[in-house]
There are 2 protein chains.
Amino acid sequence: MLVKTQVKYIQSLGQKKFRDATNQFVAEGSKIINELLVSPNVETTALFATASWIARHGTEIGSLPNDIVHEIKESTFNSISQLKTPGEVLGVFKKPEFGGIDVRKSICLMLDEIQDPGNLGSIIRTADWFHIQKIFCSKGCADAFNPKVIQASMGSIARVEVIVGDLESLLNEFHDVPAYAAVLEGANIFQLEPIDSGFIIIGNESKGIRSELLGRRIEKITIPGGGHAESLNAAIAAGIFMALLVGRSQ
Amino acid sequence: MLVKTQVKYIQSLGQKKFRDATNQFVAEGSKIINELLVSPNVETTALFATASWIARHGTEIGSLPNDIVHEIKESTFNSISQLKTPGEVLGVFKKPEFGGIDVRKSICLMLDEIQDPGNLGSIIRTADWFHIQKIFCSKGCADAFNPKVIQASMGSIARVEVIVGDLESLLNEFHDVPAYAAVLEGANIFQLEPIDSGFIIIGNESKGIRSELLGRRIEKITIPGGGHAESLNAAIAAGIFMALLVGRSQ
């Protein structure tokens, strides 16, 4: 059974201000939910699933208190789902909490105004693939807990910490940490060696990285292509940067 | 002025069967339209734009017959646009025509059931960046002339030929051409040399490449990551394959 207040609550979490106020977010789909349920970083607040899903997922939900698992009918998902084809499970979770990593000894991403939720989710997923554990987002980025970002991140939001802040202050604070910025005219990325620490900076989908961030001590790097497209999609550029600067040492 | 039959016609091109029947497609947004207008491969059928857009784009529309440029009011775009925030120009174009390239001497992509239009568009754009001129799509792929694919391809559809066909037959026909398939368990891509001809095969978002395509003579290649994500997004994997196998020789 799903009561009106629950429907309203879940719908409200579609908005950033309610996610921020409650520190919670919504995820959908069996694959993502399974990852969030077993993550040590994420606490489950409520789970809404069909009887059949619940029967098949005894292991994952075994440790949850009974009163947070709600059996609902498949047809009921229409009122709470943000997906075109609602699945058979939806969860409300507290935003993940992470133990700190040493930024000076790690590779972190900095995203400057990545506004497309699909791009942001895809970048989080790719970071997780290459074991990058921290992403700093400028205030103009899409919200990492937006349902579309959660869908595209495929559960990686439970393993990659996303922090929103002022990138300029951060670059000042860590002025001794190397920083590599994806730009259209810079050093050839194919001629660089893999790195083991530093910031990889990716800019906005149409405007690139804001000029105030491109200080002199930042290495400007380009992916030469030889073709005719004006630019690469921001998530693709981020993926290629991660592959070449981080993954290549695999 | 926009008449009812025009509205109906443009709306009908939102559906694949009408695009196939008329051999036409719709594109929106000044950046993409500008690229299509100047492309030698694409013929413009009709252009709908605000007076202000027309005034600013004399060069691009100079060679078009007067009767295919239609001045319409900004408010009118709501009835024909597929975008959330309609722009000030929309065009109807004939699908591009390409001179043939020698498949045996080129690098081509093969996409097996790439269903997400954003992924397909992004792959077309990335192919264009790395000067890959031909993409073979299985019948289960999204339609390359779907408005969402066109938006994500950012005009690259005018420069990259997309052909739909049976990939198995194609691999049989070109059995002497090397083929590299993106899989989760295969040779380490970072240890390969760049290639100058062959097929790069990318599989479906959740199922990967169908087993019937993964014959023995295909090289199975993996992007090792070292992290915890189960897989990479298909467009990101395609981007990394193109960068490492094609772009690296830049």
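Before any of the text, the structure's been laid out above.
How each quantity is defined
- Residues numbered from 1 in each chain as written.
- Chains lettered and ligands numbered in written order.
- Predicted model: local features only at pLDDT ≥ 70, side-chain atom pairs only at ≥ 80, totals over all residues.
- Heavy atoms only, no water.
- Core = buried A, V, L, I, M, F, W, Y, C linked by side-chain atoms within 4.5 Å.
- Buried < 20%, exposed > 50% of the residue type's maximum accessible area, 1.4 Å probe, protein only.
- Contact = heavy atoms within 4.5 Å.
- Helix = DSSP H or I, 4+ residues; strand = E, 2+ residues; numbered from the N terminus.
- Expected span 1.5 Å × (residues − 1).
- Polar contact = N/O pair within 3.5 Å; in protein donor to acceptor, adjacent residues only side chain to side chain.
- Pairing = 2+ DSSP bridges.
- Axes fitted to C-alpha atoms, helices over the stretch in contact; angles between N-to-C directions.
- Parallel < 35°, antiparallel > 145°, perpendicular 65-115°, else oblique.
- Left-handed = near helix turned anticlockwise from the far one by under 90°.
- Nonpolar A, V, L, I, M, F, W, Y, C, P; charged D, E, K, R; others polar.

(A) Broad picture of the nonpolar core. Leu111(A), Ile135(A), Ile223(A), Leu111(B), Ile135(B) and Ile223(B) are the most contacted members of the largest nonpolar core, which has 126 residues in total. Ignoring sequence-local partners within four residues, the contact set of Ile223(A) consists of Ile189(A), Phe190(A), Leu232(A), Ala237(A), Ile240(A), Phe241(A), Trp129(B) and Phe130(B).

(B) Highlighting helix H9 (residues 234-245) of chain B. All names here are of chain B. Between the first and last C-alpha of H9 there are 16 Å, a value that for 12 residues agrees with the 16 Å anticipated at 1.5 Å per step. Within the sequence span of H9, burial applies to Ala234, Ala235, Ile236, Ala237, Ala238, Gly239, Ile240, Phe241, Met242, Ala243, Leu244 and Leu245. Residue Asn233 occupies the N-cap position of H9, its side-chain oxygen lying 2.7 Å from the main-chain nitrogen of Ala235.

(C) Summary view of the sheet that holds strand S5 (residues 107-111) of chain B. All names here are of chain B. Taking strand neighbours across the sheet as the criterion, the 6 strands line up as S7-S6-S5-S9-S8-S10 in an open arrangement whose pairing is parallel. Lying at the two open borders of the sheet, with one neighbouring strand each, are strand S7 (161-164) and strand S10 (219-222). Across the sheet, the mean angle separating the axes of adjacent strands is 35° when strand polarity is ignored. One ladder, built from 3 bridges, connects S5 with strand S6 (residues 134-137); its direction is parallel. Within S6, the residue paired with Leu111 across the bridge is Cys137.

(D) Spatial organisation of the packing of helix H6 (residues 117-129) of chain A against helix H9 (residues 234-245) of chain A. All names here are of chain A. Two elements in contact, H6 and H9, have axes separated by 9 Å at closest approach and are oriented at 10°. As summarised for this structure, H6 and H9 are arranged roughly parallel, according to the angle between their axes. Seen along the crossing, H6 lies across H9 with a hand that is right-handed. Of the residues in H9, those touching H6 at Asn119, Ser122, Ile123, Thr126 and Ala127 are Ala234, Ala235, Ala238, Gly239 and Met242. Residue composition of the contact of H6 with H9, by class: 6 nonpolar, 4 polar and no charged.

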